[in-house]
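Descriptive structure summary
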Amino acid sequence: WPFVEYMSNPSASDSDIYEYFNPVLDDVVRTLNTNEDALVYRVNTFYGFLIENNDQRVFSDPTLDKFNYLTSRMSDQSEFFDLLQEEGFEYILLDLRMHLTDQTPEKTLTAKYIRLADLLLRSENVRLLHTDNYIANPNGRQIRTPSGQLVNASQGLRGQTVSLGTMALFQLVGQNGR
C-alpha cells in the first residue's frame, strides 16, 4: 500500500516511495532528471510531475494528435524521431496502456498508438531504456502475473507479453544507433 507507507514513514526517500508504486519508476525518474536540459516527449503518462522543470522540458501529446499530424505529412514516418531529435528531444515516455482507454467505435487512438509503437520497435534511432512490461523468457526470472500465475519472464517489449506494464522510456540515439 504505497500511500500508507508514504504517510507512515516520513523518513522514506523519494526512491523508496517510487519503489512502492512501481519498481521501474525510480530508474525512469533518475534517467529523465540526470540531464536537466534534455527534452521529453510524453505520451499520456501521469508521471510528468516527477520530471524536473517539466513546464519547460516536457511536451505532452496525450492523444497522439501531434504525432498523427506530423507523421501524416512525412513520406517516411520514422523521420518523426529525427524531427524530435532536431528539436532537442532526447527521451520518449510512453504509457503502455493508453490504447485501452479508446472506447470510440473508430478506435482512432488505438490506431495511432499501434503506429507509434510499431515505429518505436522498428527504428534503429530509438533504444528502450526502461519498462515495467514483462515478456515470456524461459531464462528470465520468475514473476507472478496479475492473474497469479508464476512465469519466467524478463522486462521488454518484443515477445509475448505476460504482464502488461504501464510505461516505457525510450532514448533517441540518432541515426543508425549513434
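Everything discussed here concerns the structure shown above.
I will try to describe carefully the structure that is included in this document. Since this is a predicted model, take the numbers as computed values, not measurements. (Residues numbered from 1 in each chain as written. Predicted model: local features only at pLDDT ≥ 70, side-chain atom pairs only at ≥ 80, totals over all residues. Heavy atoms only, no water.)

1. Some points on the pattern of salt bridges
Tallied over the full model, the rule gives 4 salt bridges. Here D26 and R30 are joined by a salt bridge, their closest N and O atoms 2.3 Å apart. You can see D26 and its partner R30 sitting in helix α3 (residues 25-34), 4 residues apart, about one turn around the helix. Residue classification places R30 among the partly exposed residues on the basis of a relative accessible area of 47%. Among the charged side chains, a network of salt bridges with common partners joins D26, D27 and R30. (Salt bridge = Lys/Arg side-chain N within 4 Å of Asp/Glu carboxyl O. Helix = DSSP H or I, 4+ residues; strand = E, 2+ residues; numbered from the N terminus. Buried < 20%, exposed > 50% of the residue type's maximum accessible area, 1.4 Å probe, protein only.)

2. Brief notes about α3
It helps to recall that an α-helix has 3.6 residues per turn; residues three or four apart then point in one direction. Counting buried positions along α3 gives 7 out of 10 residues, so the element sits mostly inside the fold. For α3, the set of buried residues is L25, D26, V28, V29, T31, L32 and N33.

3. Looking at the packing of aromatic side chains
For any pair of aromatic rings, geometry is given as the distance between the ring centres together with the angle between the planes. Taken as a whole and judged by the stated rule, the model has 6 aromatic pairs. When the centroid spacing of 6.1 Å and the interplanar angle of 15° are considered together, the rings of Y41 and F59 count as stacked. Placement of the pair is Y41 in strand β1 (residues 39-43) and F59 in strand β2 (residues 58-60), with a sequence separation of 18 residues. Assessed through its relative accessible area of 2%, Y41 is described here as buried. On the accessibility criterion, F59 (32% relative accessible area) is partly exposed. Measuring from centroid to centroid gives 5.5 Å for Y41 and F80, while their planes differ by 70°, and the two rings are edge-to-face. Linking Y41 in strand β1 with F80 in helix α6 (residues 79-86), this pair joins segments that are 39 residues apart in sequence. We classify F80 as buried; its relative accessible area is 1%. Connected via pairs of aromatic rings, a cluster forms that spans Y41, F59, F67, F80, F81 and F89. (Phe/Tyr/Trp six-rings, centres within 6.5 Å; stacked < 30°, edge-to-face > 60°.)

4. So, the nonpolar core
Counting 25 residues, the largest nonpolar core has Y41, F81 and L94 as the members making the most contacts within it. If you list the elements that add at least two residues to this core, you get β1, α6, β3 (89-95), α7 (108-122) and β8 (167-172). Of all the elements, α7 adds the most residues to this core, at 6 residues. The residues touching F81, leaving out its near neighbours within four places in the chain, are I92, L116, L119, L120, S123, V126 and L172. (Core = buried A, V, L, I, M, F, W, Y, C linked by side-chain atoms within 4.5 Å. Contact = heavy atoms within 4.5 Å.)

5. Side note on the environment of H99
On the secondary structure map, H99 appears in the loop between β3 and α7. Residues H99 and A111 lie 12 residues apart in sequence; the distance between their C-alpha atoms is 8.3 Å. With residues near it in sequence (within four places) discarded, H99 still touches T110 and Y113.

6. Looking at the side chain of T110
Tracing the backbone shows T110 in helix α7. Contact partners of T110, with chain neighbours within four places excluded, come to H99 and D102.

7. Quick look at the side chain of N133
Following the sequence through the fold, N133 ends up in the loop between β4 (126-131) and β5 (134-144). One polar contact links N133 to T161, side chain to side chain, over a distance of 3.4 Å. Discounting chain neighbours no more than four positions away, the residues touching N133 are L96, S154, Q155, G156, L157, T161, S163, L164 and G165. (Polar contact = N/O pair within 3.5 Å; in protein donor to acceptor, adjacent residues only side chain to side chain.)

Geometric values such as these leave the question of function open.
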